[in-house]
Amino acid sequence: MPSEAPFRSLPARVIVAGGGIAALELVVALRKLAGERVAIELLAPGEHFVYRPLLVAEPFGMGELPRFPLGQVLGDQRAVQRRGRLAEVRADAHEVVTAAGERLAYDALVVATGARTVEAVRGALTFGGPESVTLMRTLVEGAATGELRSIAFALAASAASWPLPLYELALMTALRAGGAQITVATAEDAPLQLFGQAVSRSMTERLARAGVELLAGVAPVEYADGALALEDGRRLTADAAVALPALAGPAIPGLPHDSGGFVPVDGHGRVEDVADVYAAGDVTAFEVKQGGVSVRQAQAVAECIAARAGTSLVPEPFEPLLRGMLLTGAEPSYLQWRGGESQQADSPLWWPPTKIADSYIVPYLVSRFQLSVPTAPGPGEADLMSSAPAGGDVPVRPGRGDG
Ligand SMILES: Cc1cc2nc3c(=O)[nH]c(=O)nc-3n(C[C@H](O)[C@H](O)[C@H](O)COP(=O)(O)OP(=O)(O)OC[C@H]3O[C@@H](n4cnc5c(N)ncnc54)[C@H](O)[C@@H]3O)c2cc1C
């Protein structure tokens, strides 16, 4: 990478905007890599960090969505929170403006404010946040009692940046559904196409074994009058329809963005043509919007900042490796796409076998807050405590050389 100038002040003042997985991975990684060479301030509106990848488990009674107090997480990392929202970046002045009008100076700014969810299939239940859990639970119960005879799970092309949750919802519903017909209608040419052919093949077989009908290569458009309308004119009769949301970028004033509002970055997370500003996670223009990708991007940014703060680290670009842990209602399945190679396995392809692999933040959450992964309803959660690094002693560069 072209060398970037060392920071003029030490500790360097780093502002992280956002309170999701990308922001917190950045905080934990940066503290680990740069030590006291950086002063970290997190600008975020909420009091909690919500671990969204486990949202799909909640409607099925497989545990509650994990939430962690930001104050404790940041306290452990010797970082502070400023409650508020990023409203504008004034890159020439090296300052951000918050929604409340405060101006905060930085040596490095990391934007990790995520994306907005928007309805992708009109009329369907959009499953994108905690607010959709109760409705989804009602649908699952309706299918289990026979009140609903058919449910369609719909993936529009605009929602395909991370399709895994749709398949998790469909498979787990099928397991509970009794006689109800479960159908997946997807704009993808094959299920989980972004993981490559081997995963698509095994996913097709898994859906068939679970009795889930698959319609691939046809975009769902709208759910109305008891039918899911497909773009080729067909109408699929269904008592209910569930869809994943599309994502919209925030188009932050002062930063470049693409037509979707997402921030363009290079492999190190540096925002195009804006010095000292980095971005990671769903806010970036990278086409896959996933927790695992978010943490890899955050790690690449942390390495750049640590190097500029005077460590001997040589920053590496983030590896666009995809790892997905598919919750099925029984044992999970492990999916991976790495260097063009597509892989599916019923035993872990990485360790510890968490939804978000190779991160600094997840082993910390496991050892500090006993985060665990639900595998089946009721008792039987996979306790990952025993596999967590002791005392938060996280290995440097967790994403390298594993798998
Ligand atoms: C149902 C569902 C299931 C998923 N399952 C998986 C999975 O199994 N595995 C996986 O890897 N990924 C999964 N994902 C994707 C994953 O959740 C996202 O890719 C990930 O959360 C992105 O992290 P982020 O930190 O970039 O953004 P977010 O998680 O969206 O966090 C953004 C944060 O920024 C804050 N914020 C917003 N605007 C501002 C502002 N202006 N100023 C300051 N702060 C702001 C928000 O309050 C929030 O705290 C799933 C997503 C969904 C919706």
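Each value, and the rule that gives it
- Residues numbered from 1 in each chain as written.
- Predicted model: local features only at pLDDT ≥ 70, side-chain atom pairs only at ≥ 80, totals over all residues.
- Heavy atoms only, no water.
- Helix = DSSP H or I, 4+ residues; strand = E, 2+ residues; numbered from the N terminus.
- Buried < 20%, exposed > 50% of the residue type's maximum accessible area, 1.4 Å probe, protein only.
- Polar contact = N/O pair within 3.5 Å; in protein donor to acceptor, adjacent residues only side chain to side chain.
- Phe/Tyr/Trp six-rings, centres within 6.5 Å; stacked < 30°, edge-to-face > 60°.
- Lys NZ or Arg CZ within 6 Å of the ring centre and 35° of its normal.
- Expected span 1.5 Å × (residues − 1).
- Near = heavy atom within 4 Å.
- Areas by Shrake-Rupley, 256 points an atom, 1.4 Å probe, with all protein chains shown as cover.
- Domains from an automatic or database assignment.
- Contact = heavy atoms within 4.5 Å.
- Buried area = accessible area lost by both parts, 1.4 Å probe.
- Salt bridge = Lys/Arg side-chain N within 4 Å of Asp/Glu carboxyl O.
- Core = buried A, V, L, I, M, F, W, Y, C linked by side-chain atoms within 4.5 Å.
- Axes fitted to C-alpha atoms, helices over the stretch in contact; angles between N-to-C directions.
- Left-handed = near helix turned anticlockwise from the far one by under 90°.
- Nonpolar A, V, L, I, M, F, W, Y, C, P; charged D, E, K, R; others polar.

**As for the side chain of T354**
Mapped onto the elements of the fold, T354 is located in the loop between β23 (341–345) and α7 (361–369). Assessed through its relative accessible area of 3%, T354 is described here as buried. Side-chain polar atoms of T354 contact the backbone oxygen of I356, separated by 2.9 Å.

**As for the packing of aromatic side chains**
Under the defined criterion, the tally for this structure stands at 6 aromatic pairs. With centroids separated by 5.2 Å and ring planes inclined at 50°, the aromatic side chains of F68 and F369 adopt a geometry described as tilted. Highlighted residues: F68 in strand β4 (residues 67–69) and F369 in helix α7, separated in sequence by 301 residues. For the pair F68 and F369, a shared accessibility class is recorded, and that class is buried. Connected via pairs of aromatic rings, a cluster forms that spans F49, F68, Y364 and F369. We note K289 situated over the ring of F262; from NZ or CZ to the ring centre the distance is 3.9 Å.

**Quick look at helix α4 (residues 164–176)**
Here α4 is 13 residues long and its end C-alpha atoms lie 19 Å apart, about the 18 Å a rise of 1.5 Å per residue gives. α4 sits mainly inside the fold: 11 of its 13 residues count as buried. Taken together, the buried positions of α4 are L164, P165, L166, Y167, E168, L169, A170, L171, M172, T173 and A174. Phi for G178, located one or two positions after α4, is positive at around 60°.

**What about the site of the ligand?**
Contacts to the ligand come from 30 residues, most closely from A22, L86, D282, G291 and K355. The contact in question runs from an oxygen atom of the ligand to an N or O atom on the backbone of G291, over 2.9 Å. K355 has a polar side-chain atom sitting 2.7 Å from an oxygen atom of the ligand. The protein chains hide 87% of the 1000 Å² of surface that the ligand would expose on its own.

**Regarding the domain arrangement of the protein chain**
Split by domain assignment, the protein chain resolves into domain 1 (12–115 + 249–392) and domain 2 (119–245). Here the C-alpha centroids of domain 1 and domain 2 sit 28 Å apart. Taken together, the 31 residues of domain 1 in the interface contact 30 residues of domain 2. Around 2500 Å² of area is buried between domain 1 and domain 2 when both sides are counted, 70% of it from carbon and sulfur atoms. Looking only at domain 1, the three residues that lose the most surface to domain 2 are P59, F60 and L326, adding up to 26% of its buried area. Inspection of the region where domain 1 meets domain 2 yields 2 salt bridges. Across the salt bridge formed by E168 and K355, the nearest N and O atoms sit 2.4 Å from each other. Along the contact surface separating domain 1 from domain 2 lie 8 residue pairs in polar contact (both at pLDDT 80 or more).

**Topic: the environment of G249**
The residue G249 is located in the loop between β19 (246–248) and β20 (277–279) in this model. With 35 residues separating them in the primary sequence, G249 and T284 have C-alpha atoms 8.0 Å apart. Not counting the four nearest positions on each side in its chain, G249 is found in contact with G260, G261 and F262.

**Here's the deal with the pattern of salt bridges**
For the coordinates displayed, the defined rule picks out 23 salt bridges. Across the pair E4 and R270 runs a salt bridge whose closest N-O atoms are separated by 3.9 Å. Of this pair, E4 sits in the segment before β1 (12–17) while R270 sits in the loop between β19 and β20; the two residues are 266 residues apart in sequence, bridging distant segments of the chain. One salt bridge connects E319 with R338, and the closest N-O pair in it is separated by 3.2 Å. Pair noted here: E319 is in the loop between α6 (291–308) and β21 (322–326) and R338 is in strand β22 (residues 333–338), with a separation of 19 residues, a long-range link. Several salt bridges share partner residues, and in doing so they unite E4, D266, R270, D276 and R308 into one network.

**Topic: the nonpolar core**
Grouped together as the largest cluster of nonpolar side chains are 115 residues, with contacts concentrated most on F153, L228 and I305. Here the element with the most residues in this core is helix α1 (residues 21–34); it accounts for 11 residues. Once residues lying within four places of it in the same chain are set aside, the contact partners of I305 are F7, V14, L30, V38, A108, V110 and Y278. One finds A17, L104, V277 and V283 within the second-largest nonpolar core, a separate group that totals 19 residues.

**Thoughts on the environment of D189**
Within the element layout of this structure, D189 appears in the loop between β13 (181–186) and α5 (197–209). The exposed category is assigned to D189, whose relative accessible area is 59%. In sequence terms D189 and V218 are 29 residues apart; their C-alpha atoms lie 7.8 Å from each other. Non-local contacts of D189, meaning those with residues more than four positions away in its chain, are made with A216 and G217.

**Let's talk about α1**
With 14 residues, α1 should cover 20 Å at 1.5 Å per step; its first-to-last C-alpha distance of 19 Å lies within 8% of that length. Most of α1 sits out of view: 13 of its 14 residues are buried.

**Some remarks on the packing of helix α3 (residues 133–145) against α4**
Helix packing geometry: the angle between the two helix axes and the distance between the axes. Remark: α3 packs on α4, axes separated minimally by 8 Å, with the N-to-C direction vectors making an angle of 35°. Note on packing geometry: the crossing formed by α3 with α4 is right-handed. Along the contact surface, α3 presents M136, V140 and A144, while α4 presents L169, T173 and R176. Along the lines of polarity and charge, the residues of the contact of α3 with α4 split into 4 nonpolar, 1 polar and 1 charged.

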